[in-house]
Structure formats: C-alpha cells, structure tokens
Amino acid sequence: MIFDCDGVLVDSEPLSNASFSRALKAHGLDWSVEETMRRLMGRSLKSCVEIVEAELGRKLPHDFVEKMQAVTYQSFRDAPLQPVPGVKDAVLALQGAGLETCVASSGSVEKMRFTLGLTDLWDLFGGRVYSTSEVPRGKPFPDLFLHAARSMKEAPGKSVVVEDSVPGIEAACAAGMKALAYAGAPHADREGLAAAGGCLFTDMAQLPKLVLA
C-alpha cells in the first residue's frame, strides 16, 4: 500500500494552496486557490515553480519557495493541520490485515516529517517515506511509485496506490499499479480522477474493504 501524503493522509491542500495563491498574487499572477489547485496540485514544488515561471514569462525570486514554505508551515501550526478524517483507522486496519504500507509524496521528506508528525501519523509508517526528490521525474511520471515499490521489495503489479490528484493517479497507472482515488474533499476533481484511471471512493472508512475485497 502506497499512500500519497497531502490530501490523502493530511488535510493540507486547502491551506497550502491558499498560501501558494497569496504568494503568486504578490508576484503578479492572480490565481485563485481553486485555480492554483487545478494547475498545481499533486506536482512537485520544482514542477510547480516551472509552471508558474512559464506562465509569468520570467523567473521568480530565488527565495520565493523558502518564504512561501515558511508561511505555509506556520498556517499548518495555526490551523492546526488535521489528518484526513478516518485515515488513521484505515491505515491501522490495513496493517492489521498484514499489508505493508509506505508514503510516497511530491513533497520533501522534511515536509512529510513535519506534517505527519503534527497530525500524529509519522510513527504509523516507521520511516517508510519516499519523496520525488529521490527520483529523476515527479508525477505524472511513474518514477516515484516504482521507487517506493522497489524499496519495499514489492512488484508494481501487486502494489496499490491511494492518491487524490490527477497527476498522482496518472503516475500510479503508468507504474502498472492499482490506483484508488480519494475524492472525499470538496475540491476533489472527480471527473479528472476517474478519467485518469482512478477507482473513486469518498470515505476513508471504505478503503480497507476496497483493498482487501
């Protein structure tokens, strides 16, 4: 079982995309939170910056990411950041049934340690966390999920990915893995997730049955 982090384990997408939207507006790109999600959600920060710079036609300041991340992390502390409803019980049920679990995210290991620690989920995975920074290409390419499967000593065809973004579902399918698309959040792109090949579900309580059936 390979879990994405943002939007699957931790309910971070609204907070992080609000920070990103505000930061972009300060640099002349007037994207709403919804537009920021549509354009960037599920991609690595490096890819997001490349997309934004192409849209602007110029480079962002060298400290753009550092400053935005500082604001984002503080918003996680202030909110405070919460786990996706029901996900801890779902992970524990799957682990109790004998499934190996790990996390594979477009975010950095440092970010996962922070967000999963803040939401009391870090210890569930015993350090089995993998980042796009460890592979040549991020989502929608399959590199990250293939890297996670190799690290877990499991065949891609026997692996299941839980994702909430279209690039993530595309990456899982490209890796030859079963792709379960969590669409329980209000901002979920249900049509896009289904079109990308995801099997949609809207409640984490459904996850163990979907996997174990």
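The rules behind the values
- Residues numbered from 1 in each chain as written.
- Predicted model: local features only at pLDDT ≥ 70, side-chain atom pairs only at ≥ 80, totals over all residues.
- Heavy atoms only, no water.
- Helix = DSSP H or I, 4+ residues; strand = E, 2+ residues; numbered from the N terminus.
- Rg over C-alpha atoms; globule rule 2.2 N^0.38 Å.
- Contact = heavy atoms within 4.5 Å.
- Areas by Shrake-Rupley, 256 points an atom, 1.4 Å probe, with all protein chains shown as cover.
- Lys, Arg positive; Asp, Glu negative; His and termini not counted.
- Charge placed at Lys NZ, Arg CZ, Asp CG, Glu CD.
- Polar contact = N/O pair within 3.5 Å; in protein donor to acceptor, adjacent residues only side chain to side chain.
- Salt bridge = Lys/Arg side-chain N within 4 Å of Asp/Glu carboxyl O.
- Buried < 20%, exposed > 50% of the residue type's maximum accessible area, 1.4 Å probe, protein only.
- Pairing = 2+ DSSP bridges.
- Phe/Tyr/Trp six-rings, centres within 6.5 Å; stacked < 30°, edge-to-face > 60°.
- Disulfide = S-S within 2.5 Å.

A. Representation of the overall build of the protein chain. Within the protein chain one finds 10 helices and six strands. Rg of the C-alpha trace for the protein chain: 16 Å, near the compact-globule value of 17 Å for 213 residues, within the 12% margin. Overall size of the protein chain, expressed as C-alpha extent along the three principal axes, is 50 × 35 × 30 Å. Of the contacts formed within the protein chain by residues at least 6 apart in sequence, a portion of 64% connects residues at least 24 apart. Of the accessible surface of the protein chain, which amounts to about 9900 Å², a share of 53% is contributed by carbon and sulfur atoms. Here the protein chain contributes 22 positive and 27 negative side-chain charges, whose respective centroids are spaced 3 Å apart.

B. Here's a closer look at the side chain of Asp 6. Relative to the helices and strands, Asp 6 is located in the loop between strand S1 (2–3) and helix H1 (13–25). For Asp 6, the side chain forms a polar contact with the side chain of Ser 12, separated by 2.5 Å. At 3.3 Å, the side chain of Asp 6 and the side chain of Lys 111 are in polar contact. Beyond its immediate chain neighbours, meaning those up to four positions away, Asp 6 contacts Ser 12, Glu 13, Ser 105, Lys 111 and Asp 164.

C. Quick peek at the pattern of salt bridges. Taken as a whole and judged by the stated rule, the model has 11 salt bridges. Linking Lys 111 and Asp 6 is a salt bridge whose minimum nitrogen-to-oxygen distance equals 3.3 Å. Of this pair, Lys 111 sits in helix H6 (residues 109–118) while Asp 6 sits in the loop between S1 and H1, and the two are 105 residues apart along the sequence. For Lys 111, a relative accessible area of 13% corresponds to the buried category. Residue classification places Asp 6 among the buried positions, given a relative accessible area of 10%. A salt bridge links Lys 139 to Glu 163; the shortest N-O distance between them is 2.5 Å. A residue pair is termed long-range when its members are at least 10 positions apart, and Lys 139 in the loop between strand S3 (129–131) and helix H7 (143–151) and Glu 163 in strand S4 (residues 160–163) qualify at 24 residues. Residue Glu 163 is classed as buried on the basis of its relative accessible area, which comes to 0%. Among the charged side chains, a salt-bridge network with shared partners connects Glu 35, Arg 38, Arg 39 and Glu 55.

D. Structural view of the sheet that holds strand S2 (residues 102–105). What the six strands build is an open sheet, ordered S3-S2-S1-S4-S5-S6; its pairing is parallel. Whereas interior strands pair on both sides, the edge strands pair on one side only; in this sheet they are S3 and strand S6 (199–201). Judged from the three bridges that link them, strand S5 (residues 178–182) and S6 form a sheet pairing that is parallel. If you follow Tyr 182 over to S6, its bridge partner there is Phe 201.

E. A look at the packing of aromatic side chains. Under the criterion given, the structure shown has six aromatic pairs. With 4.7 Å between their ring centres and 5° between their planes, Tyr 73 and Phe 114 make a pair best called stacked. With a gap of 41 residues between them, Tyr 73 in helix H4 (residues 64–78) and Phe 114 in helix H6 connect regions that are remote in the sequence. Through successive ring pairs, a cluster of aromatic residues spans Tyr 73, Phe 76 and Phe 114.

F. Highlighting the state of the cysteines. Using the criterion set out here, one finds zero disulfides in the structure. With no disulfide of its own, Cys 48 lies closest to Cys 5 among cysteine sulfurs, the gap being 15 Å. Its relative accessible area of 4% is what places Cys 48 among the buried residues. The thiol of Cys 173 is unpaired, and the distance to the nearest cysteine sulfur, on Cys 199, comes to 11 Å. The class for Cys 173 is partly exposed, based on a relative accessible area of 33%.

G. Representation of H7 in the model. Among all positions of H7, only Asp 143, Leu 144, Phe 145, His 147, Ala 148 and Ala 149 are buried. Looking one or two residues past H7, Lys 153 carries a phi angle of roughly 55°, positive in sign.

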